[in-house]
2 protein chains.
Amino acid sequence: MNIIKINENNTIDNVINNLLQRTPNYYDDYANQVQTIINNVKDNKDEAIISYTEKFDKVKLTKDTLKVTPSEIKEAYELVDDELLRIVRRAKDNIESFHQKQKKYSWFDSTTNGTLLGQKISAISWAGVYVPGGKAVYPSSVLMNVIPAIVAGVEHIIMTTPPDKEGKINPLTLVVANECGITDIYKVGGAQAIAALAYGTETIPKVDKIVGPGNIYVALAKKAVYGHVNIDSIAGPSEILIIADETANPTYIAADLLSQAEHDELASSILVTDSEDMAHKVLEEVKRLTGELSRKEILEKSLKNYGYIIVVNSLEEAVDVSNEIAPEHLEVVTKDPFMLMTKIKNAGAIFLGEYSPEPLGDYMAGPNHVLPTNGTAKFFSPLGVDDFIKKSSIISYSKEALGELQEDIIKFADSEQLTAHAKSIKVRFEND
Amino acid sequence: MNIIKINENNTIDNVINNLLQRTPNYYDDYANQVQTIINNVKDNKDEAIISYTEKFDKVKLTKDTLKVTPSEIKEAYELVDDELLRIVRRAKDNIESFHQKQKKYSWFDSTTNGTLLGQKISAISWAGVYVPGGKAVYPSSVLMNVIPAIVAGVEHIIMTTPPDKEGKINPLTLVVANECGITDIYKVGGAQAIAALAYGTETIPKVDKIVGPGNIYVALAKKAVYGHVNIDSIAGPSEILIIADETANPTYIAADLLSQAEHDELASSILVTDSEDMAHKVLEEVKRLTGELSRKEILEKSLKNYGYIIVVNSLEEAVDVSNEIAPEHLEVVTKDPFMLMTKIKNAGAIFLGEYSPEPLGDYMAGPNHVLPTNGTAKFFSPLGVDDFIKKSSIISYSKEALGELQEDIIKFADSEQLTAHAKSIKVRFEND
């Protein structure tokens with residue numbers, strides 16, 4: 001982790017270019033491999049799924065064992081700590097409560113000469129949630145992906161997650177899914193799972209939208225099927241940016257930077273401060289705290305490659321840097337964080353003040369922790385209820401109201417050489 | 001156009017499979033070509049743009065002539081019919097008025113122990129609008145793509161559109177853009193335009209989101225850059241589905257089917273009716289009206305390949321068929337269209353009653369005519385203000401509020417083996 005001073009000769013362009021190297025868009029080499037898997041699943045369905053699961057997950061399933069059974073879910077409950085289950089339920093309540101506030105209503109507006117225009121909101125019918133397997137299990141991620149779909153009113157929510165070598169799914173994943181009412185869970189991971197959700201197999205239903213994090217194969221598969229189905233977004237490596245002034249507590253800042261860095265070697269932790277003194281204090285604290293933590297190797301690699309302490313001349317400049325980087329997580333730890341927040345354009349989640357550390361948002365606060373990564377907060381949003389609904393425009397006109405527009409529509413259509421469009425209006429008035 | 005009766009032995013699966021053949025997802029052959037263009041523009045910027053424009057548009061531009069000049073815009077006004085300009089302005093007012101109603105506000109909710117959670121709405125900063133060139137000019141499409149961005153508050157809106165062999169842009173396109181306040185217009189089309197918008201060149205700025213229709217190269221280029229920037233959606237061929245009962249006017253229905261069919265040979269026009277008598281009457285009227293229209297060849301091809309009259313047993317069954325096809329445009333021309341609308345799940349725009357023909361929505365009503373095509377209304381929405389904003393979660397906790405959750409967050413983090421996450425909470429309370 002190095003201290004960089006921003007001045008006339010030194011911009012953040014290098015920082016941004018370095019961060020962007022992490023994006024899946026630079027991993028095109030895997031794309032062909034992924035396309036082969038998708039085509040195979042499209043053509044050979046369950047057979048392809050079973051064969052890839054044997055190849056990649058080292059377990060031979062059958063059509064009858066692809067789906068998690070009720071008794072597997074029951075067994076899982078016996079393996080999960082009661083206290084953890086209580087916390088999961090509390091988190092679930094908080095997440096549901098926040099997402100309820102995101103619900104939108106259908107609306108219309110009308111005029112007395114007989115025009116009615118509106119927007120109908122309806123939930124998508126089928127959602128597929130991908131849950132990564134492997135050693136690290138993230139029950140919080142299951143909650144965050146599933147709950148917006150439930151709140152939106154999605155009728156069918158199914159889940160896929162890779163099995164271990166014994167063909168089992170992590171019990172905590174099963175319990176959390178079941179707590180959310182999800183029981184259609186299929187033992188399949190990787191690009192083959194995304195292909196199954198996008199095209200359907202004999203066992204796994206086709207869905208309308210696929211959400212959930214995954215490795216590079218999963219990310220590329222999601223991009224490949226985008227358009228045939230919808231997806232949440234292309235998840236890249238995670239990052240935090242903290243804007244702090246001299247009033248911040250350097251220990252808190254250091255701890256929060258480290259909490260991001262521990263995710264993986266590509267994670268990025270960035271402090272932007274107008275106080276050189278703060279910059280040095282935080283650097284000291286990062287060194288000290290690293291010694292107290294597990295995952296030391298990941299921490300050191302991620303901080304070395306993607307950790308930055310950027311010293312700027314003013315908090316305005318800090319905001320500019322932050323807007324340019326468009327971080328997934330942004331902490332604002334300054335004297336007046338709310339006023340500074342008004343100037344923030346691009347960030348997935350904004351944590352204000354010194355008692356709003358990023359892990360609060362990961363687990364318990366309620367807002368979604370599935371956030372736009374790696375600069376995509378310039379145009380993507382946190383996962384939410386909006387991701388599981390779609391809109392239909394509503395248009396209803398009286399004869400009188402259409403009559404008022406008829407000549408203009410006909411002339412407009414004629415200007416675009418679309419005579420059948422014009423005709424559709426004319427036939428409604430030609431016998432008057 | 002053939003009449004198909006839906007019964008136990010005859011489902012709409014064949015219809016749907018035939019329609020889906022039209023999707024760009026089946027045109028992977030072009031993908032490599034498109035990727036080559038994108039890579040070249042990424043590397044060689046303006047130079048690549050100029051060379052592709054020479055190759056594809058047959059005109060040699062320079063860095064100095066890539067951008068439309070104020071005097072070109074001034075000249076364009078002299079070439080546009082005054083009456084048409086008046087209609088464009090009226091359409092613009094209606095479209096703006098509808099899209100104003102789509103605006104969302106930032107919100108927050110707070111509790112007295114010091115929690116504040118919310119959602120901040122901000123406009124994306126840079127939007128790029130692609131406008132197709134060629135003989136057919138669609139001023140309405142310019143309005144529909146640009147106005148939601150303006151209403152959302154996008155600061156920088158730029159436009160690209162291919163030049164003709166003289167290096168000129170259609171005057172109507174320039175006038176309509178200027179009416180919307182868009183003056184940053186670049187003479188470039190095809191995949192190279194999309195690449196320029198996604199990566200930027202010396203002359204053309206990089207944007208955050210690309211919208212606008214285009215041919216297969218444009219569609220594939222948009223898909224390829226998706227994730228690096230955002231895009232509206234992958235536009236496919238257009239379609240209309242009309243649900244009509246015996247009360248409908250067969251001439252109106254026929255005219256509306258034809259207005260869709262004239263778009264291009266891949267357009268699809270579908271009538272679903274519970275009245276066999278209506279089916280035959282509409283078929284007669286389609287034949288009769290075709291004789292009165294231009295674009296006869298397109299009409300005949302599109303109706304032959306993708307035109308259907310589907311006879312069902314009940315209006316409920318008609319709704320099921322429509323929900324399965326998820327049409328871009330849906331007209332409901334029945335005795336009680338509003339009650340039937342409540343059962344519609346998937347449609348881009350829903351036109352209710354016999355004086356709400358689809359061309360009304362194309363031009364003048366106000367709702368956007370950029371709609372999800374080819375079944376994607378199951379998960380995509382009409383273009384709108386939402387497409388040009390993004391959300392940031394806001395999280396602010398007091399020490400007291402964080403204190404109430406501290407143990408749960410620590411335990412949750414530990415269960416995910418994320419000890420630095422736990423540490424970020426612990427440091428805030430360890431000296432208490």
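Criteria and cut-off values
- In this convention, every chain numbers its residues from 1, walking through the sequence in written order.
- Each chain takes a letter, starting from A, and each ligand takes a number, starting from 1, following the order in which they are written.
- It should be noted that, the model being predicted, local features are given only for residues of pLDDT at least 70 and side-chain atom pairs only at 80 or more, the latter also being counted only at that level, while totals for whole chains, interfaces and linings use all residues.
- Excluding hydrogens and water, the side-chain figures rest on all heavy atoms present in the structure.
- Superposing copies: least-squares fit, C-alpha atoms only, residues required to have pLDDT of at least 70 in both.
- Note on definitions: a residue-residue contact is assigned when non-hydrogen atoms from the two residues lie within 4.5 Å.
- Two strands qualify as a pair provided that DSSP identifies no fewer than 2 bridges between them.
- Numbered from the N terminus, helices here are DSSP runs of H or I no shorter than four residues, and strands are runs of E no shorter than two.
- All axes here are fitted lines through C-alpha atoms, helices being fitted over the stretch that makes contact, and every angle between N-to-C directions spans 0 to 180 degrees.
- Throughout, exposure labels follow a simple rule: accessible area from a 1.4 Å probe, protein chains only, divided by the maximum for the residue type, with under 20% read as buried, over 50% as exposed, and the rest as partly exposed.
- Working definition: rings of Phe, Tyr and Trp (its six-membered ring) pair if their centres are within 6.5 Å, and the pair is stacked with planes under 30 degrees apart, edge-to-face with planes over 60 apart, and tilted otherwise.
- Placement of a positive charge over a ring is assigned whenever Lys NZ or Arg CZ falls within 6 Å of the ring centre and within 35 degrees of the normal to the ring plane.
- UniProt positions are given in the numbering used here, feature names are shortened, and annotations may be inferred rather than shown by experiment.
- Identification of polar contacts relies on pairs of N or O atoms within 3.5 Å, with a donor-acceptor requirement for protein atoms, meaning one able to donate a hydrogen and the other able to accept it, and with residues adjacent in sequence counted only if both atoms are side-chain atoms.

A. Inspection of the relation of the copies chain A and chain B at higher detail. Under the fitted operation, chain A is carried onto chain B by 0.0 Å of movement along the axis and a turn of 180°, and the coordinates agree to an RMSD of 0.0 Å. Both copies of the chain, as the preceding transformation shows, are related through a two-fold rotation axis. Rotation axis and chain A: the residue whose C-alpha lies nearest the axis is Lys223 of chain A, separated from it by 4.1 Å. A shared interface surface links the copies, since 100% of the contact residues of chain A are contact residues in chain B too.

B. The sheet that holds strand β14 (residues 389-397) of chain B, seen in detail. Pairing is mixed in the open sheet, where nine strands are placed in the order β1(A)-β11(A)-β10(A)-β9(A)-β12(A)-β13(A)-β14(B)-β3(B)-β2(B). The sheet is open, and its two edges are formed by β1 (2-5) of chain A together with β2 (107-111) of chain B, each paired on a single side. Taken pair by pair, the neighbouring strands of this sheet meet at an average axis angle of 20°, ignoring direction. Across six bridges, strand β9 (residues 239-244) of chain A lies against strand β10 (residues 268-273) of chain A in parallel orientation. Counterpart to Ile243 of chain A in the pairing with β10 of chain A is Val272 of chain A.

C. Representation of the side chain of Ser141 of chain A. Residue and element names in this part refer to chain A. Tracing the backbone shows Ser141 in helix α5 (residues 139-152). When its relative accessible area of 10% is taken as the criterion, Ser141 is described as buried. The contacts of Ser141, once residues within four sequence positions are left out, are Pro213 and His369.

D. A look at the packing of aromatic side chains. Counted according to the given criterion, the structure contains 17 aromatic pairs over all chains. Considering the side-chain rings of Phe379 of chain A and Phe380 of chain A, the 4.8 Å spacing of their centres and the 75° angle between planes classify their relative orientation as edge-to-face. Grouping residues by exposure puts Phe379 of chain A and Phe380 of chain A together as buried. When the ring of Tyr52 of chain B is compared with that of Phe56 of chain B, the centres are 5.9 Å apart and the planes differ by 5°; the resulting orientation is stacked. Of the two residues, Tyr52 of chain B and Phe56 of chain B are both situated in helix α2 (residues 29-57); the distance of four residues between them amounts to about one turn of the helix. Given a relative accessible area of 8%, Tyr52 of chain B falls into the buried group. In this structure an aromatic cluster arises from ring pairing among Tyr226, Phe379 and Phe380 of chain A together with Tyr226, Phe379 and Phe380 of chain B. Over the ring of Phe388 of chain A we find Lys209 of chain A; its NZ or CZ atom is 6.0 Å from the centre of that ring.

E. Structural context of the UniProt feature "active site" (unreviewed entry) in chain A. Residues and elements named next belong to chain A. The sites that carry the UniProt feature "active site" (unreviewed entry) are, in the present numbering, Glu328 and His329. With residues up to four places along the chain from it excluded, the contact list for Glu328 reads Ser238, Glu239, Gln260, Ala347, Gly348, Ala349, His369, Leu371, Pro372 and Thr373. The topology assignment puts His329 in strand β12 (residues 329-333). Here His329 falls in the buried class, since its relative accessible area comes to 3%. In contact with His329, other than residues within four places in its own chain, are Ser238, Glu239, Ile240, Leu241, Gln260, Ala349, Phe351, Glu358, Asp362 and Leu371. Polar side-chain contacts of His329 include one of 2.9 Å to the backbone oxygen of Glu239.

F. Region of the structure containing the side chain of Ser356 of chain A. Here Ser356 of chain A is to be found in the loop between β13 (349-352) and α14 (358-363). A polar contact is formed between the side chain of Ser356 of chain A and the backbone nitrogen of Tyr397 of chain B, at a distance of 2.8 Å. Apart from residues no more than four positions distant in its own chain, Ser356 of chain A is found in contact with Glu331 and Phe351 of chain A together with Ile395, Ser396 and Tyr397 of chain B.

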